[in-house]
Amino acid sequence: MWCILRSWRPGGLGAWGALGQQQWLPGARALATGVSRSRDEYNYVVVGAGSAGCVLANRLTEDPDKRVLLLEAGPKDTYAGSKRLLWKIHMPAALVSNLCDDKYNWCYHTEPQAGMDGRVMYWPRGRVWGGSSSLNAMVYIRGHAEDYERWQREGADGWDYGHCLPYFRRAQAHELGADTYRGGHGPLHVSRGRTNHPLHRAFLEAAQQAGYPFTEDMNGFQQEGFGWMDMTIHKGKRWSAACAYLHPALSRPNLRAEARAWVRRVLFEGTRAVGVEYVQDGQSHKAYASQEVILSGGAINSPQLLMLSGVGNADDLKKLGLPVVCHLPGVGQNLQDHLEIYVQQACTQPITLHSAQKPLNKVRIGLEWLWKFTGDGATAHLETGGFIRSQPGVSHPDIQFHFLPSQVIDHGRAPTQEEAYQVHVGTMRGTSVGWLKLRSTNPQDHPVIQPNYLSTEADIKDFRQCVKLTREIFAQKALAPFRGPELQPGSHVQSDKEIDAFVRAKADSAYHPSCTCKMGQPSDPTAVVDPQTRVLGVENLRVVDASIMPSVVSGNLNAPTIMIAEKAADIIKGQPALWDKDVPVYKPGTLATQR
């Protein structure tokens, strides 16, 4: 409830709120009272210390002659004045405790969704060093090779699979070592599920009994099938982009990283970006970039900041009284997200995580983790999953599963009710596309977010398949020793009409907003950045984060976002692009059948 209230009162942040009530206009030349008078200049100013911004801060400061300022609206992911980690962020099993803590979280909400019974959907997003990689479920999934081939076809030249795979590898240090697909020496530590929980084993066996293959590495040669998932967990702790990239670079004298620094606008001279204005500790400051300003705020903040700075649809900006620097109608459009539902089954044996959430057990688990970084606290428990094709004729998987030996209610904000297990299941390439727009000229007002969930018949039909195919897996022999009554949707939900009603009532975001600053060709009227990540129509301004995806990938977004930043860093530095030519990728023997 606190998050809901905060969403609708974004100005209520003490000193921030008072500043947020001041009206301001991008392009205004006068300095407000309290503005720093000294010229603070860097080669690059990076806005947002999330999954992309942390990568850029590290890679751009590898050149000791380049000075970089990194600005993050949220706090550090360590205790103030020390290097000790904040346990709620860094304990993998504690991830849900951050989902409604506005200390680390923007706590966004969508507009009421017509296709989902008018519900307002909750969108947690990271507001802390590490961004959403400091809040997420730590699942490391790259998407399918064909996603990147599609990007190339959609106008993102040089972003095909062969040009993206080397950057996935460069980022990664997989505990199983390097191969054609995995990296072995990168900053981002990745591990495999290792609890060996009997429900995880039974789920994988049930999937094979239902006719789906086992895949050794869903990020490697073969995504299709079920297997053990990769996770950004290292030695029992969350390994966020801040841990991987930012903290190792903080000792460099050419990097300045600031927390609680809220960027209000990009500064322009004509159409050339020259810096940013930001607020910190109640004071307004300006920082200048001799080379480039780079926005890495994510799929909500980056388009919001562009529009606040006069870059966006001219008609919308003029209605709010904002001077137009560049008419770029694609800003905030093309919003795509993954929707998912939870199919839940009661468990007849007391082996789920239900008992682990009782107060005394939580204390015991927490103490073991704090002492040794082991036990139930050292994993997010989403250790198995899979990808399948929903029907014949689909060329690569379009449904994703995450299995959990527990029950999740209301984003984890409500406690489990009983011994149960579930899968999070959803479609990967939905056809419902949305948008976001400014609510006002106040930088602290959350934008209007309209994802248009389930606005097409194709998406409604695909979610019926999600329910039916999950039920088929749960009905297999391997799960018989554990199978109790179906809790959700429930055995009374059988007809297509009943399944559709369940999906409308219970589906939720998988927390994958993307594509709101679409990468494409300058001739594309919906494009916002070119394939070099430069904002079209202006100079010295880039966007590097999940917002520049031309279309959403078939999987979780953290790994692709880090890859985007790794590749963009080479582009910015003028390095030749890495390329793996003709890497083999699994294709089904026939498309005549669904499996």
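Residues numbered from 1 in each chain as written. Predicted model: local features only at pLDDT ≥ 70, side-chain atom pairs only at ≥ 80, totals over all residues. Heavy atoms only, no water.

Draft legend 1. Fine view of the packing of aromatic side chains. The full count for this structure, using the stated rule, is 13 aromatic pairs. Measuring from ring centre to ring centre gives 5.6 Å for Tyr-212 and Phe-226, while their planes differ by 55°; the resulting arrangement is tilted. Separated by 14 residues along the polypeptide, Tyr-212 in the loop between helix 7 (198–209) and strand 8 (225–228) and Phe-226 in strand 8 bring together distant segments of the chain. A relative accessible area of 1% places Phe-226 in the buried class. Aromatic side chains Phe-221 and Tyr-586 sit 6.2 Å apart centroid to centroid with 80° between the ring planes, which places their arrangement in the edge-to-face category. Residue Phe-221 is found in the loop between helix 7 and strand 8, and its partner Tyr-586 is found in the segment after helix 14 (558–573); the two are separated by 365 residues along the sequence. Residue classification places Phe-221 among the partly exposed positions, given a relative accessible area of 38%. Tyr-586 gets classed as partly exposed once you look at its relative accessible area, which sits at 23%. In textbook terms, an aromatic cluster arises when at least three aromatic residues are bridged by ring pairs, as seen for Phe-203, Tyr-212, Phe-226, Phe-401, Phe-403, Tyr-421 and Phe-474. Positioned over the ring face of Trp-106 is Arg-127, at 5.5 Å from the centre of the ring. Across the ring face of Trp-159, the terminal group of Lys-567 is positioned such that the distance to the ring centre comes to 5.0 Å. (Phe/Tyr/Trp six-rings, centres within 6.5 Å; stacked < 30°, edge-to-face > 60°. Helix = DSSP H or I, 4+ residues; strand = E, 2+ residues; numbered from the N terminus. Buried < 20%, exposed > 50% of the residue type's maximum accessible area, 1.4 Å probe, protein only. Lys NZ or Arg CZ within 6 Å of the ring centre and 35° of its normal.)

Draft legend 2. Structural context of the pairing of strand 14 (residues 272–280). Most of strand 14 is tucked away: eight of the nine residues are buried. Alignment of strand 13 (residues 262–269) against strand 14, held across seven bridges, turns out to be antiparallel. Bridge pairing in strand 14 links Val-266 to Val-276. Where strand 13 folds back onto strand 14 in an antiparallel hairpin, the turn is made up of two residues, including Gly-270, whose phi is positive at roughly 65°. Pairing of strand 14 with strand 15 (residues 283–295) involves six bridges; the strand directions are antiparallel. (Pairing = 2+ DSSP bridges.)

Draft legend 3. Just the pattern of salt bridges, in detail. Applying the stated criterion across every chain, the model contains 30 salt bridges. A salt bridge links Asp-496 to Lys-468; its shortest N-O distance comes to 2.8 Å. Linking Asp-496 in helix 13 (residues 496–506) with Lys-468 in helix 12 (residues 457–474), this pair joins segments that are 28 residues apart in sequence. On the accessibility criterion, Asp-496 (34% relative accessible area) is partly exposed. Judged by its relative accessible area of 36%, Lys-468 falls in the partly exposed class. A salt bridge links Arg-471 to Glu-486, with the shortest nitrogen-to-oxygen separation between them at 2.7 Å. Taken together, the positions of Arg-471 in helix 12 and Glu-486 in strand 24 (residues 483–488) put the pair 15 residues apart, joining distant regions of the chain. With respect to class, Arg-471 is no different from Glu-486; both count as buried. Connected through shared salt-bridge partners, Arg-59, Glu-62, Arg-170, Glu-566, Asp-570 and Lys-573 make up one network. (Salt bridge = Lys/Arg side-chain N within 4 Å of Asp/Glu carboxyl O.)

Draft legend 4. Spatial organisation of a nonpolar patch on the surface. On the surface, a nonpolar cluster with roughly 410 Å² of combined accessible area is contributed by Trp-87, Val-363, Leu-367 and Leu-370. Broken down by element, the residue count for the nonpolar patch peaks at three residues, all from helix 11 (residues 359–372). The residue Leu-370 is located in helix 11 in this model. (Patch = residues over 30% accessible without salt bridge, like charges linked within 9 Å, V, L, I, M, F, W, Y side chains within 5 Å. Areas by Shrake-Rupley, 256 points an atom, 1.4 Å probe, with all protein chains shown as cover.)

Draft legend 5. Geometry of the confidence of the model for the protein. Here the protein averages 91 in pLDDT, and 92% of its residues register 70 or above. Ranking the elements of the protein by mean pLDDT puts helix 2 (residues 15–20) last, at 30, and strand 26 (residues 541–543) first, at 99. Considering only residues more than four positions removed or in separate chains, one finds that residues 1–37, a stretch of pLDDT under 50, has 65 contacts. (pLDDT = per-residue confidence, 0-100. Contact = heavy atoms within 4.5 Å.)

Draft legend 6. Region of the structure containing unusual backbone geometry. Cis peptide bonds are those with omega within 30 degrees of zero, and the linkage from Gln-488 to Pro-489 qualifies with 10°. Following the sequence through the fold, Pro-489 ends up in the loop between strand 24 and helix 13. Even without glycine at this site, Asn-196 takes up a positive phi of about 60°. Structurally, the position occupied by Asn-196 is in the loop between strand 7 (188–192) and helix 7. Using a relative accessible area of 44% as the deciding quantity, one classes Asn-196 as partly exposed. Of note in this structure, Asn-540 is not a glycine but carries a positive phi near 60°. For Asn-540, a relative accessible area of 26% gives the class partly exposed.

Draft legend 7. Spotlight on the side chain of Glu-419. Looking at where Glu-419 falls in the secondary structure, it is placed in the loop between strand 20 (399–404) and strand 21 (420–427). Lys-358 is the oppositely charged side chain nearest to the buried, salt-bridge-free Glu-419, at an N-O distance of 6.4 Å. Within the structure, the side chain of Glu-419 is placed 2.4 Å from the side chain of Thr-352, a separation counted as a polar contact. Other than its neighbours up to four places away in sequence, Glu-419 contacts Ala-346, Cys-347, Gln-349, Pro-350, Ile-351, Thr-352, His-354 and Ser-355. (Lys, Arg positive; Asp, Glu negative; His and termini not counted. Polar contact = N/O pair within 3.5 Å; in protein donor to acceptor, adjacent residues only side chain to side chain.)

Draft legend 8. Spotlight on the environment of Met-116. Within the secondary structure layout, Met-116 lies in the loop between strand 3 (108–109) and strand 4 (122–123). The buried category is assigned to Met-116, whose relative accessible area is 0%. When residues no more than four places from it in sequence are discounted, the contact partners of Met-116 are Met-121, Leu-339, Tyr-453, Leu-454, Val-503, Arg-504 and Ala-507.

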